[in-house]
Amino acid sequence: MNYRITRTEVPNVLRFMAFFKTVIAKLVTEATSNRCNPFITFVLGGPGSGKGTQCVKIAETFRFAHLSAGDLLREEMSSNSENGTLIHDIIKEGKIVPSEITINLLRKAIHSSGNHKFLIDGFPRNEENRIAFERIVGVEPDIVLFFDCPEEEMVKRVLNRNQGRVDDNIDTMKKRLEVFKKLNLPVIDYYSAKGKVCKINAVGTVNEVFEKVRPVLAALRYWFLDTSMISIIETIFLVAIHCYQLMLQINYFFSKRLPFPW
Ligand SMILES: Nc1ncnc2c1ncn2[C@@H]1O[C@H](COP(=O)(O)OP(=O)(O)O)[C@@H](O)[C@H]1O
Ligand SMILES: O=c1ccn([C@@H]2O[C@H](COP(=O)(O)OP(=O)(O)O)[C@@H](O)[C@H]2O)c(=O)[nH]1
């Protein structure tokens, strides 16, 4: 095709291009504002299902910040803070720490991480946690990874964990499993109904399980095209349009000897 723009068509083409530029600017604003929100992945599963182990591998491979609610609570517990004893007693009983304490710790960790992609490991534990997080932090998770593991396997893993945790004993483990079924499964059901849950069979070696997780995160890569990349693409696009417009205007000026139609 060898179509050439005629002189009389030039002003219309210029008007069309001005409109096209406005549309691009709008689309870019929309795309970048979506990406200004952090990308949140909730990582759920019963105690000992392997959440923490898989989060370490995901964080390394896909450069997520890994925030373990349990680790943050344990740090707070051992830092002699005013909530230390309360947290200790709740964890020992396998119960759930009040939402405001956990969310405060998560919020601080999110703000100080310098990352915009998060794995929030072991949270939300119940509907109250979920509702409070969405209200206080103001975002919903983009996806929820659910590590599905049989109870006998979870018990075996927890009792072999050997990290000196106050809750890794058979009595507390039984209570944690009950709490998981009664309070955490409804949260998973809630996000399943919203189409956000990706269920991973957590049986297998650490690497075998990771090979089931990898494609889920690899498929999300387009999301992580960051804002600076979008701005670079926008700039290249707009510069190309400006150059073409200028070329048309110069052409128009010399052929018709009229003032520039800016
Ligand atoms: N796929 C796996 N197979 C066998 N042991 C595992 C597997 N994944 C994790 N573990 C081990 O099981 C224990 C619990 O794993 P962890 O990641 O801490 O679980 P969670 O964070 O869900 O409580 C740890 O000692 C860990 O090394
Ligand atoms: O959001 C959270 C996360 C953890 N916990 C407490 O911390 C314990 C350990 O949680 P973690 O996620 O570290 O381990 P898991 O039970 O999944 O092995 C839980 O049983 C709860 O008592 C809590 O109250 N709220």
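Keep in mind that what you see is a predicted model, and the values were worked out from it rather than measured.

Cut-offs and rules
- Residues numbered from 1 in each chain as written.
- Chains lettered and ligands numbered in written order.
- Predicted model: local features only at pLDDT ≥ 70, side-chain atom pairs only at ≥ 80, totals over all residues.
- Heavy atoms only, no water.
- Patch = residues over 30% accessible without salt bridge, like charges linked within 9 Å, V, L, I, M, F, W, Y side chains within 5 Å.
- Areas by Shrake-Rupley, 256 points an atom, 1.4 Å probe, with all protein chains shown as cover.
- Salt bridge = Lys/Arg side-chain N within 4 Å of Asp/Glu carboxyl O.
- Helix = DSSP H or I, 4+ residues; strand = E, 2+ residues; numbered from the N terminus.
- Axes fitted to C-alpha atoms, helices over the stretch in contact; angles between N-to-C directions.
- Parallel < 35°, antiparallel > 145°, perpendicular 65-115°, else oblique.
- Left-handed = near helix turned anticlockwise from the far one by under 90°.
- Contact = heavy atoms within 4.5 Å.
- Core = buried A, V, L, I, M, F, W, Y, C linked by side-chain atoms within 4.5 Å.
- Buried < 20%, exposed > 50% of the residue type's maximum accessible area, 1.4 Å probe, protein only.
- Near = heavy atom within 4 Å.
- Polar contact = N/O pair within 3.5 Å; in protein donor to acceptor, adjacent residues only side chain to side chain.
- 1 Å grid on protein atoms, 1.4 Å probe; cavity = no way out; pocket = protein on both sides within 12 Å on 5 of 7 lines; lining within 4 Å.
- Sits in = over half its atoms within 2 Å of the grid points.
- Nonpolar A, V, L, I, M, F, W, Y, C, P; charged D, E, K, R; others polar.

Asker: Before we move on, could you go through a nonpolar patch on the surface and cite the residues and values that matter?
Answerer: Taken together, the side chains of F16, F19, F20, V23, L27 and F237 make up a nonpolar region of the molecular surface, amounting to roughly 610 Å² of accessible area. Ranked by the residues each element gives to the nonpolar patch, the list is headed by helix α1 (residues 10-36), at five residues. Tracing the sequence through the fold places F19 in helix α1.

Asker: Residue-level account of the packing of helix α7 (residues 151-159) against helix α8 (residues 170-193), with values.
Answerer: For the pair α7 and α8, the least separation of the axes is 11 Å and the interaxial angle reads 135°. One element, α7, and the other, α8, form an angle in the oblique class. Pair α7 / α8 crosses with right-handed handedness. Residues E151, M154, V155, V158 and L159 of α7 lie in contact with α8, whose contacting residues are I170, M173, R176, L177 and K181.

Asker: Before we move on, could you go through the nonpolar core and cite the residues and values that matter?
Answerer: Grouped together as the largest cluster of nonpolar side chains are 30 residues, with contacts concentrated most on F42, L73, F118, I120, F123 and F133. Here the element with the most residues in this core is helix α5 (residues 99-113); it accounts for six residues. Excluding residues within four positions of it along the chain, F118 makes contact with P38, F39, I40, T41, F64, A65, L67, I110 and S113. Counting 25 residues, the second largest nonpolar core, distinct from the first, contains C55, L145, M173 and L220.

Asker: Requested: an account of the site of ligand 1, with residues and values cited.
Answerer: By nearness alone, every residue bordering ligand 1 is listed as G46, G48, S49, G50, K51, G52, T53, R157, R161, G204, T205 and V206. A distance of 2.9 Å separates an oxygen atom of ligand 1 from a polar backbone atom of G52. In this structure, V206 approaches ligand 1 through a main-chain N or O atom, which is 3.5 Å from a nitrogen atom. Contact with the protein chains hides 75% of the accessible area of ligand 1, taken as 560 Å² for the molecule alone. Here ligand 1 is seated within the largest pocket. Broken down by element, the residue count for the shell around ligand 1 peaks at three residues, all from helix α2 (residues 51-62). A per-class count over the shell around ligand 1 returns one nonpolar, eight polar and three charged.

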